[in-house]
Every structure is written in structure tokens, then in C-alpha cells.
Amino acid sequence: QVQLVESGGELVQAGGSLRLSCAASGRSFSSYAMAWIRQAPGKEREFVAAISWGGGVTSYADSVKGRFTISRDNAKNTVYLQMSSLKPEDTAVYYCAAEGSGNIWKTQLSRYDYWGQGTQVTVFA
């Protein structure tokens, strides 16, 4: 069992930056692939970024590539999402998710086993 708690969401002006954090508790955090997934009002959940258990492999949605960076610190049981050059279309609730088999899923988001409660990011023009 893994519990995930996101933080860092704020109201920010377009062009600005934010860093989201996801603190995990429970067993074997370092064996889980981790992802950030977002959901905007009235839209389906959207894959944003993911990182392998060891941090050596990362994957990004095309819409955020070059602007967002995912990283993890297994010693602190924490995964981060550094977001820069934010756009109004980045406005969403951002969720942290964990996958117990160590696989990264860009679709089939239901494959992620554990989810946090989400943190709101609002980008205004």
C-alpha cells in the first residue's frame, strides 16, 4: 500500500514556474514507477509525465515536453514536477500516481495502482 500526497499547486501568471511535490508513504516506494496526470474541468484525465523506479527513464506528453521536468528522490520518497513557461491551458488538477510493476503508462491510466488527492494549478493570462 502506498499513500500519495501532492502539494505545490498555486495560482500563477502565464510564463511563470511552479514545482509540484508528491510525498509517498508506505513500502517500497523506490520500486514504483511514478507519474503526474492532470484533469482540467470538463475534460478527461491526461498523462503529463512519468519516471521509472530508478529515475533513469522519463516520458512526457508532447504538450509539456521541453517545459516540464519530472524527477524523484527515493531517499525522501518524493517525486517532483518542475513546470516552467506555464500556459493557461496547463490549468488543471494535477495528480500523482504510482505503478507497482514499474511500468510507465501514457495511456491506460487506470493501470496506475495508487493516486493522490490532487493539487490545483491555475494559470492566468
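Residues numbered from 1 in each chain as written. Predicted model: local features only at pLDDT ≥ 70, side-chain atom pairs only at ≥ 80, totals over all residues. Heavy atoms only, no water.

Asker: Residue-level account of the state of the cysteines, with values.
Answerer: Under the definition given, this model contains one disulfide. Here C22 pairs with C96 through a disulfide, and the sulfurs are 2.1 Å apart. Residues C22 and C96 are joined by a disulfide whose S-S torsion is about -80 degrees; by sign, that bridge is left-handed. Of this pair, C22 sits in strand β3 (residues 18–26) while C96 sits in strand β9 (residues 92–99), and the two are 74 residues apart along the sequence. Take C22 and C96: they sit in the same class, and that class is buried. (Disulfide = S-S within 2.5 Å. Helix = DSSP H or I, 4+ residues; strand = E, 2+ residues; numbered from the N terminus. Buried < 20%, exposed > 50% of the residue type's maximum accessible area, 1.4 Å probe, protein only.)

Asker: Provide a residue-level description of the pattern of salt bridges, including the pertinent values.
Answerer: What the rule picks out here adds up to four salt bridges. A salt bridge links E46 to R38; the shortest N-O distance between them is 2.8 Å. Take E46: its relative accessible area is 31%, and that puts it in the partly exposed class. R38 sits in the buried class, given a relative accessible area of 5%. Here D90 makes a salt bridge to R67, at a shortest N to O gap of 2.8 Å. Taken together, the residues span a long stretch of sequence, with D90 in the loop between β8 (78–83) and β9 and R67 in the loop between β6 (58–60) and β7 (68–73) at a distance of 23 residues. There is no split in this pair, since D90 and R67 are both buried. One salt-bridge network, held together by shared partners, links R38, E46, R67 and D90. (Salt bridge = Lys/Arg side-chain N within 4 Å of Asp/Glu carboxyl O.)

Asker: Tell me about the sheet that holds β3, residues and numbers included.
Answerer: Spatial strand order, β1-β3-β8-β7: four strands in an open sheet with antiparallel pairing. Each having just a single partner strand, β1 (2–7) and β7 make up the two edges of the open sheet. On average, each strand axis in the sheet is tilted by 15 degrees relative to the strand beside it, whichever way the strands run. The pairing of β1 with β3 spans six bridges and is classified as antiparallel. The partner of L4 across the bridge, within β3, is A24. (Pairing = 2+ DSSP bridges. Axes fitted to C-alpha atoms, helices over the stretch in contact; angles between N-to-C directions.)

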